[in-house]
Amino acid sequence: MDEFAKSIIFEAGRRIREAFSYNLVIETKSGANDLVTNIDRETELFFIDQIKAFNPAHKILGEEGMGEKVESLDGVVWIIDPIDGTMNFVKQHRHFMISIGIFINGVGKLGYIFDVMREDLFYAIEGQGAWYNDSPLRKLQSVTMEESVIGINAHWVAPNRHIHHEKVIEMVRKVRGTRSYGSACMEIAFVVSGKLDAYVSMRLSPWDIAGGTIIAQEVGAIATNLHGEGFDFLHQDTFIIANPSIHKELLEKYIVPYE
């Protein structure tokens, strides 16, 4: 299954890169900043067709809703984001990812994050380790808050209804730096490979994190919601992935939700 998943990811990436040679059809979903293109939908349909040909019993939960309605993780479930970072895809033609997580009876077995334009693949097999292309990813090394670089949207240092922004300001002043790349999957990939030390979001869907959380397990990163609980892969939730040496401190001191 791992070899099959890689083959269709690479083929989907090739198709997306070629798509820049013709006009994109861009639409909005929940709001002006929530974009979807014809390439998002075509890529998801490509995955569905390939997976169903591989095994019709496999279920597919995709961002664009082109597959069947998935109400449980029983059996084999592919959770797919065909293009994570659609704004980057449309505006910059880079910094967007394909993400796939494969679950068997609710357990994450195979995880993939693919940087389409750089052709970089982060992936993991449960219990066997994680890789960046052909190089093994090491277990994360301990860091202090002062040494950390945190992925967080600048919006959360302003007054908002989700978290105490004053504490976020304290964090920004304490850490080495902050970044925001516009793709949850890219930021997760950077955490599992040690390029970031944490990434925080107020609302992510299963397809945003399914592949990345499987990779996280293999390198020792901790992925939870902002209450420190495990993620429900059938619904949206808050999200944090962090180096284990700072995960607890971030939640207790700096990323504090309103009750």
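Calculation notes
- Residues numbered from 1 in each chain as written.
- Predicted model: local features only at pLDDT ≥ 70, side-chain atom pairs only at ≥ 80, totals over all residues.
- Heavy atoms only, no water.
- UniProt positions renumbered as here; feature names shortened; annotations may be inferred.
- Helix = DSSP H or I, 4+ residues; strand = E, 2+ residues; numbered from the N terminus.
- Expected span 1.5 Å × (residues − 1).
- Bend = angle between axes of the 7 residues up to and from the residue.
- Buried < 20%, exposed > 50% of the residue type's maximum accessible area, 1.4 Å probe, protein only.
- Contact = heavy atoms within 4.5 Å.
- Phe/Tyr/Trp six-rings, centres within 6.5 Å; stacked < 30°, edge-to-face > 60°.
- Lys NZ or Arg CZ within 6 Å of the ring centre and 35° of its normal.
- Domains from an automatic or database assignment.
- Buried area = accessible area lost by both parts, 1.4 Å probe.
- Salt bridge = Lys/Arg side-chain N within 4 Å of Asp/Glu carboxyl O.
- Polar contact = N/O pair within 3.5 Å; in protein donor to acceptor, adjacent residues only side chain to side chain.
- Nonpolar A, V, L, I, M, F, W, Y, C, P; charged D, E, K, R; others polar.

In the nomenclature of an unreviewed UniProt entry, the chain is known as inositol-phosphate phosphatase of Lysinibacillus fusiformis. Here the chain is described in UniProt, under the heading Catalytic activity (unreviewed entry), as follows: "a myo-inositol phosphate + H2O = myo-inositol + phosphate". Turning to the chain, the UniProt record has this under Cofactor (unreviewed entry): "Mg(2+)".

Draft legend 1. Layout of helix α6 (residues 206–219). With 14 residues, α6 should cover 20 Å at 1.5 Å per step; its first-to-last C-alpha distance of 20 Å lies within 8% of that length. Where α6 bends most, the angle comes to about 30°, and this point is G212. The element α6 is largely enclosed, with a buried count of 13 among its 14 residues. Backbone geometry just downstream of α6 places G220 in the positive-phi region, at approximately 95°.

Draft legend 2. Looking closely at the UniProt feature "binding site: Mg(2+)" (unreviewed entry) in the chain. Per the UniProt entry, the sites bearing "binding site: Mg(2+)" (unreviewed entry) are E63, D81, I83, D84 and D208 in this numbering. The largest pairwise C-alpha distance within this set of annotated residues, which runs over 146 residues, is 9.7 Å, so the set is compact in three dimensions. Setting aside residues no more than four positions away along its own chain, D81 makes contact with E63, M97, I98, S99, W207 and D208. Structurally, D84 is set in strand β4 (residues 76–84). Ignoring sequence-local partners within four residues, the contact set of D84 consists of H95, F96, M97, S183, A184, C185, M186 and D208.

Draft legend 3. Representation of the packing of aromatic side chains in the model. Considering all chains together, one arrives at 13 aromatic pairs under this definition. Relative to F114, the ring of F10 lies with its centre 5.4 Å away and its plane at 75°, an arrangement referred to as edge-to-face. Remark: F114 occurs in strand β6 (residues 107–115) and F10 occurs in helix α1 (residues 2–19); sequence separation between them is 104 residues. Overall, F10 belongs to the partly exposed group, its relative accessible area being 39%. Here F122 and Y132 contribute two aromatic rings whose centre-to-centre distance is 4.9 Å and whose plane-to-plane angle is 40°, an arrangement assigned as tilted. Remark: Y132 occurs in strand β8 (residues 129–132) and F122 occurs in strand β7 (residues 120–125); sequence separation between them is 10 residues. The ring centre of Y132 lies 5.2 Å from the NZ or CZ of K195, which sits over that ring.

Draft legend 4. Just the domain arrangement of the chain, in detail. Splitting the chain by domain gives domain 1 (1–136) and domain 2 (145–254). On a C-alpha basis, the centroid separation for the pair domain 1 and domain 2 is 21 Å. Each partner contributes residues to the interface: domain 1 has 37 residues there, and domain 2 has 22 residues. Of the roughly 2,100 Å² buried where domain 1 meets domain 2, counting both sides, 72% is carbon and sulfur surface. The interface formed by domain 1 and domain 2 contains 0 salt bridges. Across the domain 1-domain 2 interface, the total number found is 6 residue pairs in polar contact (both at pLDDT 80 or more). Of all the elements in the fold, those that place two or more residues in the side of domain 1 that touches domain 2 are β3 (59–62), β4, β5 (97–104), β6, β7 and β8. Looking at the side of domain 1 that touches domain 2, the element that brings in the most residues is β6, giving 7 residues. Looking at the side of domain 1 that touches domain 2 residue by residue, the class counts come to 18 nonpolar, 12 polar and 7 charged.

Draft legend 5. Highlighting the side chain of H165. Looking at the secondary structure, you find H165 in helix α4 (residues 165–174). Assessed through its relative accessible area of 14%, H165 is described here as buried. Sequence-distant contacts of H165, defined by excluding residues within four places in its chain, comprise W156, V157, A158, P159 and N160.

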